[in-house]
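Read off the chains here:
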Amino acid sequence: MLYQSIFYEKTNYLAGGGNSTRILVTHYSSRPPWSARELLKTINDLGHIGFYERIQAIDAEIHGDGVVDVSVAGRPVYLDAVIVRGLGYTMSIEQLLKRVGVLETIKIFKGPVINDPVKMILAREKWISLIHLYETGLPVPRTIITENPYTAMRALQKYGRAVFKPPIGSLG
């Protein structure tokens, strides 16, 4: 039933107008994940218009006359705010920067973006997070960041044991 309300509301958010707040919930999955479905339900229950689009389907265009448009599949999208639930995991740097660029465009020209994409990226990047924690005086484990396997091997020999982790990720 939630999907029916999402698709029904598409006519409203594509048409614009009305006085309800139009809130886009976005994620990279073809189906909204549980957290996005709960947000959509709450948004709609509160009398606003909540709708879901995949982050990769949202585009932005700057016109020469000072107008900025946001669209999905070439159709203009009228929105008041965006809630970002995920940018995606496996993508090229170009795809990532396009998604961040579209969300930055929305933030500057259309309305607030909840879960700022730049901050989301920084929070997932372990080294930058560690440096910020260290800078504030919090204790952090001895950590080496390297692309060189020989540097990693020398550190292992020097310290005797290590945990190897990818630089980007969450949940562990």
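Provided above is the structure to which this section pertains.
Bear in mind the structure is a predicted one, so any value in this text is a computation, not a measurement.

### Looking at helix α5 (residues 126–135)
(1) Moving on: Two to three positions downstream of the cap, the backbone nitrogen of W127 sits 3.0 Å from a side-chain oxygen, assigning the N-cap of α5 to E125.
(2) Moving on: Within two residues after α5, G137 carries a phi angle of roughly 95°, on the positive side.

### A closer look at the layout of surface pockets
(1) Moving on: There is about 740 Å³ of room inside the largest pocket.
(2) Moving on: Lining of the largest pocket is provided by 21 residues; of these, T143, I144, V163, F164 and K165 occupy positions nearest its centre.
(3) Moving on: Elements with a contribution of two residues or more to the lining of the largest pocket: α5 and α6 (149–159).
(4) Moving on: Of the residues forming the lining of the largest pocket, the biggest block, five residues, is contributed by α6.
(5) Moving on: Its residues assigned to classes, the lining of the largest pocket comprises 14 nonpolar, three polar and four charged.

### Some remarks on the pairing of strand β1 (residues 22–27)
(1) Moving on: In terms of burial, β1 is largely enclosed, as six of its six residues are buried.
(2) Moving on: Neither face of β1 is exposed, since R22, L24 and T26 on one face and I23, V25 and H27 on the opposite face are all buried.
(3) Moving on: Pairing geometry for β1 and strand β2 (residues 49–54), over six bridges, is parallel. When the bridges of β2 are listed, I23 appears paired with G50.
(4) Moving on: Handedness of the β-α-β unit built from β1, helix α2 (residues 34–45) and β2 comes out right-handed.
(5) Moving on: Across four bridges, β1 lies against strand β6 (residues 81–84) in parallel orientation. Paired with L24 across the bridge in β6 is V82.

### A few points about the nonpolar core
(1) Moving on: Judged by nonpolar contacts, the single largest core of 18 residues is most densely connected at I58, L79, V82, L103 and I106.
(2) Moving on: Elements supplying a minimum of two residues to this core: β2, β4 (68–72), β6 and α3 (93–109).
(3) Moving on: With sequence-adjacent residues up to four places away left out, L103 is seen in contact with I55, V82, V84, L87, V113 and P117.
(4) Moving on: In terms of nonpolar packing, the next biggest core, distinct from the first, is built from eight residues, I23, V25, L40 and I83 among them.

Thresholds applied
Residues numbered from 1 in each chain as written. Predicted model: local features only at pLDDT ≥ 70, side-chain atom pairs only at ≥ 80, totals over all residues. Heavy atoms only, no water. Polar contact = N/O pair within 3.5 Å; in protein donor to acceptor, adjacent residues only side chain to side chain. Helix = DSSP H or I, 4+ residues; strand = E, 2+ residues; numbered from the N terminus. 1 Å grid on protein atoms, 1.4 Å probe; cavity = no way out; pocket = protein on both sides within 12 Å on 5 of 7 lines; lining within 4 Å. Points joined across faces, edges and corners; volume = space filled by probe spheres on them. Nonpolar A, V, L, I, M, F, W, Y, C, P; charged D, E, K, R; others polar. Buried < 20%, exposed > 50% of the residue type's maximum accessible area, 1.4 Å probe, protein only. Pairing = 2+ DSSP bridges. Right-handed = clockwise from strand over helix to strand, strands pointing away. Core = buried A, V, L, I, M, F, W, Y, C linked by side-chain atoms within 4.5 Å. Contact = heavy atoms within 4.5 Å.

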